[in-house]
Amino acid sequence: MMRLGCCTALLFLFRLVLGLPWYQVLPAITIFYLGSGGYHFLHVFAKTLGRDLHAAGVLLKVKFNVRRHLRQKNTIPKIFAETLGRHPDKVALIFEGTGERWTYRQLDDYSTRVANLLWQRGYRQGDVVALFMENKHQYVGLWLGMAKIGVEAALINFNLRLEALVHCINISNAKAVVFGSELSEAMCEVHSSMAKRVSLLCCGEWDPRRVPEGTESLEPLLEDAPTHTPTPPDCGFTDRLFYIYTSGTTGMPKAAIVVHSRYYRMASLVYYGFKMTSDDVLYDCLPLYHSAGNIVGVGQCLIHGMTVVIRKKFSASKFWDDCIKYNCTIVQYIGEICRYLLNQPVRASERGHRVRMALGNGLRQSIWEEFTGRFNVPQIAEFYGATECNCSLGNFDNKTGACGFNSRILPYIYPIRLVKVDEDTMELIRGPDGVCLPCGPGEPGQLVGRIIQSDPLRRFDGYINQSATSNKIAHSVFNKGDSAYLSGDVLTMDEYGYMYFKDRTGDTYRWKGENVSTTEVEGTLSRLLDMKDVVVYGVEVPGAEGKAGMAAIADPEVTTDLEKFARDMEKSLPSYARPAFLRFLPEVNKTATFKFQKTEMRREGFDPLQVSDRLFFLDTSRGGYVALTPELHRAILSGKQKL
């Protein structure tokens, strides 16, 4: 009777969350019960009931809030105005670089000046302005000000240079670029390649000799800008807010569309799921051109009234000192950050802080407990998600190693699934009816999420490029004729529904906290090498997060000038995209459709005792590539030779 009572409560709650009728929910729980065995069901039910009820409550709260914002045609600037009204004089942002503190009133004033300046200059709803600068508090004020008049910001990775930088500016159809003075040299390099109509505004120290011709200094213009509240645009909760660039599998970065409801959903699911409060102080050392830093981090300030400390760049040696200095209670991380912190010498500050939670993704299970134990951080708030995805996960109950979960009691309530894929080609495996085959516990599969465009929690907004959007959608995944978002990531699930990240599919790998498009790097390297065939892929290195880049080059005699190649590559690719290893071979194997075959080379890795071709390693201390000998290989595996 007790079990039936709990089931009834769950059914009622889940029915509220997604508006499901009883006749759809009851069969799901009955089938699960009969299919898994009565005792096993009771065991899973008892172990996961509390977790699932909390998640259902979070979904319910966010869903009701989303409906309210939809009904009221709210936007992120309007929600920020509500936050401003609650605590106008509370510190909103702290910039570690200068120690400057902005209250909510000051952030509102700065963003209002930005809005009025752009309005005076003729920018209107739907226009795009690119933002190219390092982390600082002005960054938030700039895109927020643009949003106040419906101008969409294109948030560009400040590591990009030359062709990739021009590409990102041009595909956004930006009418202007606001760039930080620290990136003046990069702008000078591409100015002649940009569309002539693009206006340039420099934020920061002004030196007319170091910026492209025609550039204006932003600060004096903002000082003279009006401070009255701008007229809000005629847009709503599902309209575009800004663009975040993601490394795709087919060439240059793709501009993912972030609408107001997506920004709210991502920030709020994290806030409620991990039980944050407005009294928390969040330490954000992640780049603001990414969703983790700008939505999951800064979103807690704009939407929930939290103080956020922005750091220009991550520093392992200053991390815990900063947390003590600013009384931080939550820190953001990516997996690499945790490893860098563990590699630091022990110091008193690493346990003398007030941090109660580390929020992020990519923390390896092998160092999870070492991190929490050494640094005295009680909770790891690990989550899985991407800027554009509709299948986010959260590890709400601190399960070691998990990036989230899906209910095993009622698996269809949150419409995500792991589906079987061919491990070599990563193609979806389908049954006789053409529908994708779901994975059972322990089976690796690609994570997918059902697309329901009418639901802000399930919609997929895609990219500026329509073909890139189409490539991320599969049909007949859950049922015949439906549509689902393809995450591109392989995960596994245990018997309780906890999910564990395993690998990336396709032609993308992750290194130094960034997704690297192998196709993009292949194109750049081939151009630098006079159009030789180049294959790029990621290889695992023991003790390192993600995968290091490796390039196989069709040049058996190694006629390539490696010193010049390293110099040219440094100008053309950000540090995280430069291959750590090179392999020179007679020719590159291709399919009948001229696609490079990488599976075998990926398996062979960079062991000179296993690979007969000549191998080289990028030794950053020497500034170039050196021959990869068995001794050097052992040093890399042992960690003595740093990557």
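Parameters at a glance
Residue positions are given per chain, counting from 1 as you read along its sequence in written order. Per-residue local features are limited, in this predicted model, to residues with pLDDT of at least 70; the limit for side-chain atom pairs, both in listing and counting, is 80 or more; totals at the level of whole chains, interfaces and linings are taken over all residues. The side-chain quantities take in all heavy atoms of the structure and omit both hydrogens and water. A helix here means a DSSP run of H or I that spans at least four residues, while a strand means a run of E at least two residues long, and both kinds are numbered starting from the N terminus. Contact between two residues is taken to exist if any of their heavy atoms lie within 4.5 Å; hydrogens are not considered. Each accessible area is a Shrake-Rupley result for a 1.4 Å probe, and residues are judged covered by the shown protein chains and nothing else. Working definition: with a 1.4 Å probe on protein chains only, accessible area under 20% of the residue-type maximum means buried, over 50% means exposed, and in between means partly exposed. Starting at the helix axis, one direction is taken to each C-beta atom, and the arc is that of these directions. Strands pair, by our definition, only if DSSP identifies at least two bridges between them. Between N-to-C directions, angles cover 0 to 180 degrees, with each direction set by a line fitted to C-alpha atoms, over the stretch in contact for helices. Left-handed describes a crossing in which the near helix is turned anticlockwise from the far one by less than a right angle; the clockwise case is right-handed. Amino acids are sorted into nonpolar (Ala, Val, Leu, Ile, Met, Phe, Trp, Tyr, Cys and Pro), charged (Asp, Glu, Lys and Arg) and polar (every other residue, Gly among them). Aromatic pairs are defined between Phe, Tyr and Trp rings, using the six-membered ring for Trp, whenever the two ring centres lie within 6.5 Å; interplanar angles under 30 degrees are classed as stacked, those over 60 as edge-to-face, and all others as tilted. Criterion for a charge above a ring: Arg CZ or Lys NZ at most 6 Å from the ring centre, at most 35 degrees from the ring normal. The working definition used for a salt bridge is a side-chain nitrogen of Lys or Arg within 4 Å of a carboxyl oxygen of Asp or Glu. pLDDT: the predictor's confidence for each residue, scored from 0 to 100.

> What is the right way to read the overall build of the protein from this model?
Across its full length, the protein carries 19 helices and 28 strands. Along the first, second and third principal axes, the C-alpha set of the protein runs to 75 × 70 × 55 Å. In the protein, the proportion of contacts linking residues at least 24 apart, taken out of those at least 6 apart, comes to 69%. Carbon and sulfur atoms provide 51% of the accessible area of the protein, an area that totals close to 26600 Å².

> Sorry if this is basic, but what is going on with helix H4 (residues 76–86) here?
An α-helical turn contains 3.6 residues, so any two residues separated by three or four positions project in the same direction. Buried within H4 are the following residues: Ile 76, Pro 77, Ile 79, Phe 80, Thr 83 and Leu 84. Buried residues of H4, viewed axially, fall in a sector of 155 degrees; they line one side.

> Would you mind showing me how to read the sheet that holds strand S7 (residues 216–217) here?
Two strands in a sheet stick together by hydrogen bonds in their backbones, pointing the same way (parallel) or opposite ways (antiparallel). The seven strands are arranged S7-S6-S5-S3-S4-S8-S9 in an open sheet whose pairing can be described as mixed. Bordering the open sheet on either side are S7 and strand S9 (254–259), each of which pairs with just one other strand. Bridge analysis of strand S3 (residues 128–132) against strand S5 (residues 176–180) gives four bridges, and the strand direction is parallel. Paired with Phe 132 across the two strands is Phe 179, which belongs to S5.

> What exactly am I supposed to notice about the packing of H4 against helix H5 (residues 104–120) here?
Geometrically, a packed helix pair is captured by the angle between its two axes and the distance between the axes. Relative to each other, H4 and H5 sit at 145 degrees, their axes nearing to 9 Å. Judged by the sense of rotation from one axis to the other, the crossing of H4 with H5 is left-handed. Residue-level inspection shows Phe 80, Thr 83 and Leu 84 of H4 in contact with H5, the latter providing Tyr 104, Arg 105, Leu 107 and Asp 108. Taken together, the residues that form the contact of H4 with H5 break down as four nonpolar, one polar and two charged.

> Teacher, can you tell me more about the sheet that holds strand S27 (residues 614–619) here?
Taken together, the five strands give an open sheet; going across it, the order is S24-S25-S26-S27-S28, and neighbouring strands pair in mixed fashion. Bordering the open sheet on either side are strand S24 (534–539) and strand S28 (624–627), each of which pairs with just one other strand. Ignoring which end each strand starts from, the neighbouring axes of this sheet average 25 degrees apart. By the bridge criterion, six bridges tie S24 to strand S25 (residues 548–554) in an arrangement that is antiparallel. The residue bridging Val 535 from the neighbouring strand is Ala 552, located in S25. Contacting S24 and S25, helix H16 (residues 518–528) crosses the sheet at an angle of about 135 degrees to S24.

> Looking at this structure, how should I read the environment of Ile 451?
Summarising the element assignment, Ile 451 is placed in the loop between strand S18 (445–450) and helix H15 (466–471). Classification of Ile 451 as buried rests on a relative accessible area of 15%. Placed 62 residues apart in sequence, Ile 451 and Cys 389 show a C-alpha to C-alpha distance of 9.9 Å. Residues within four places of Ile 451 in sequence aside, it is in contact with Asn 390, Arg 458, Phe 460, Ile 473, Ser 483, Ala 484 and Tyr 485.

> Mind showing me how you'd approach the side chain of His 69 here?
Structurally, His 69 can be placed in helix H3 (residues 38–71). Not counting the four nearest positions on each side in its chain, His 69 is found in contact with Asn 74, Ile 79, Phe 237 and Tyr 264.

> Looking at this structure, I do not really get the packing of H4 against helix H11 (residues 291–304). What am I missing?
Between H4 and H11, the least distance of the axes is 7 Å, while the angle of their chain directions is 65 degrees. For the pair H4 and H11, contact is made by Ile 76, Ile 79, Phe 80, Thr 83 and Arg 86 and by Cys 301, Leu 302, Ile 303 and His 304, respectively.

> Whenever I open this one, helix H19 (residues 630–638) confuses me. Can you help?
Buried within H19 are the following residues: Leu 632, His 633, Ala 635 and Ile 636. Down the axis of H19, the smallest arc covering the buried residues is 160 degrees, so these residues share one side. Of the residues trailing H19, Gly 639 is marked for its positive phi of about 90 degrees.

> Where do I start with the packing of aromatic side chains in this structure?
To describe a pair of aromatic rings, one takes the distance between the centres and the angle between the planes. Going through the model one piece at a time under the given rule, you end up with 23 aromatic pairs. Here the aromatic rings of Trp 102 and Tyr 110 are separated by 4.9 Å at their centres, their planes lie at 40 degrees, and the arrangement is tilted. Residue classification places Trp 102 among the buried positions, given a relative accessible area of 7%. By relative accessible area, which is 13% here, Tyr 110 ends up buried. Ring geometry for Phe 581 versus Phe 606: centroids 4.1 Å apart, planes at 15 degrees, classification stacked. On the criterion of sequence distance, the pair formed by Phe 581 in strand S26 (residues 581–585) and Phe 606 in the loop between helix H18 (599–604) and S27 is long-range, its members being 25 residues apart. Both residues of the pair, Phe 581 and Phe 606, count as buried. An aromatic cluster is built from Tyr 283, Phe 314, Phe 319, Trp 320, Tyr 340, Phe 371 and Phe 375, whose rings are joined through pairwise contacts. When the ring centre of Tyr 496 is taken as reference, the NZ or CZ atom of Lys 47 above it lies at 5.7 Å. Seen from the ring of Trp 119, Arg 124 lies directly overhead, with NZ or CZ sitting 3.5 Å from the centre.

> How should the pattern of salt bridges be read in this particular structure?
Think of it this way: side chains of opposite charge can pair up when their charged atoms draw near. For the structure on display, the rule yields 27 salt bridges. For Lys 73, the salt bridge identified is with Asp 234, shortest N-O distance 3.1 Å. Separated by 161 residues along the polypeptide, Lys 73 in the loop between H3 and H4 and Asp 234 in the loop between helix H9 (218–223) and strand S8 (240–246) bring together distant segments of the chain. Overall, Asp 234 belongs to the exposed group, its relative accessible area being 62%.

> Quick question: what am I supposed to make of the confidence of the model for the protein here?
The predicted coordinates ought not to be read in detail in places where the model reports low pLDDT. Across the protein, the average pLDDT comes to 89, with 91% of residues at 70 or higher. Segment residues 1–5 is flagged for pLDDT under 50; beyond a separation of four residues in sequence, or across chains, it makes four contacts in the model.

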